[in-house]
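# Remarks on the overall topology
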Amino acid sequence: MYATRFDEVLSFHEPGLAAVRLGGAGWHIREDGSPVYDKRYVRVFGFYDHRAAVVDEGGWVHIAPSGEEAYRDRFAWCGNFQEGLCTVRSRDGAYRHIDLEGVAVHGRDWRYAGDFRYSVAVVQRDDGLSTHITRNGKLVHERWFVDLDVFHKAFARARDEEGWMHVDRRGVPVYARRFATVEPFYNGQARVERFDGSREIIDEAGSTLVQLRGVTHD
């Protein structure tokens, strides 16, 4: 595509720009390899929702495709925008979600906050328990878990004191069993690992369909 060579290149993302590094400096290039802007950063990442996370001596910030900073604030870390929102970590260690202009969207900080997927994100409060919130910061359900994942095909992976399982949109476990690990459901089935190290495939009711490793359990 171009004659220039770099130490590192990332994928091209809409609007046709890619992050590159050379000699410890990072910037974005067009498809012909030409730089989009003159400034050089410590590190740069790909564009998502026409915003890219970059790092300079002042901290982390997002830039627009023109190379201009999308807002004035600097953070200790920035994620990538998903569905018009992005998780960031402030210098005091708190996580929050911001919009494309860098404005906090629901006025509350969390111990951890993940990306939005289908307008729902995982957040963790100070006691270590996690739940799901909507784009405006409201709780999807009133249930809190030791660990939690985003929803995938109407179910989310969740862990309580007894182990991992799948929960529905109400935060209710869809079966009584608990496992050492569970994968997301794939066309109505999921691979799981029992506490004894055996593996199996279960259906959405938690019933064993296929024994993959170890002895068969009743």
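Structure: above.
For the structure given in this document, a descriptive report is provided here. Computed from a predicted model, the values in this text were never measured in an experiment.

Counting its regular elements, the protein contains 0 helices and 19 strands. Principal-axis analysis of the C-alpha atoms gives the protein an extent of 65 × 40 × 25 Å. Out of the 218 residues in the protein, the part that is buried amounts to 43%. Within the protein, one finds 30 positive and 34 negative side-chain charges whose respective centroids are separated by 1 Å.

Quick look at the sheet that holds strand β1 (residues 8-9) now. The 3 strands are arranged β1-β2-β3 in an open sheet whose pairing can be described as antiparallel. The open sheet has two free edges, formed respectively by β1 and β3 (25-29), since each of these has just one partner strand. Strand direction decides the pairing type here: strand β2 (residues 18-22) and β3, joined by 5 bridges, are antiparallel. By the bridge assignment, valine 20 is partnered in β3 with tryptophan 27.

Burial along strand β9 (residues 95-98) is two-sided: the face carrying Tyr95 and His97 and the face carrying Arg96 and Ile98 are both buried. As judged from the 4 bridges shared by strand β8 (residues 86-89) and β9, these two strands associate in the antiparallel manner. When the bridges of β9 are listed, arginine 89 appears paired with tyrosine 95. With antiparallel pairing between neighbouring strands as the criterion, β8 and β9 make up a hairpin whose turn holds 5 residues, including glycine 93 at a positive phi of roughly 95°.

Take the nonpolar core next. Residues Trp27, Tyr37, Ile63, Phe75, Cys78 and Ile98 are the most contacted members of the largest nonpolar core, which totals 27 residues. Taken together, the elements giving at least two residues each to this core come down to β2, β3, β4 (43-48), β5 (51-56), β6 (59-63) and β8. Considering each element in turn, this core owes the most residues, 4 residues, to β5. Once residues within four sequence positions are removed from consideration, isoleucine 63 is found in contact with His28, Tyr37, Tyr41, Phe47, His50, Arg51, Ala52, Val54, Glu68, Glu69 and Ala70. If you look at the next biggest cluster of nonpolar residues, it comprises 19 residues, including Val167, Tyr175, Val182 and Ile202.

Cut-offs and rules
- Residues numbered from 1 in each chain as written.
- Predicted model: local features only at pLDDT ≥ 70, side-chain atom pairs only at ≥ 80, totals over all residues.
- Heavy atoms only, no water.
- Helix = DSSP H or I, 4+ residues; strand = E, 2+ residues; numbered from the N terminus.
- Buried < 20%, exposed > 50% of the residue type's maximum accessible area, 1.4 Å probe, protein only.
- Lys, Arg positive; Asp, Glu negative; His and termini not counted.
- Charge placed at Lys NZ, Arg CZ, Asp CG, Glu CD.
- Pairing = 2+ DSSP bridges.
- Core = buried A, V, L, I, M, F, W, Y, C linked by side-chain atoms within 4.5 Å.
- Contact = heavy atoms within 4.5 Å.

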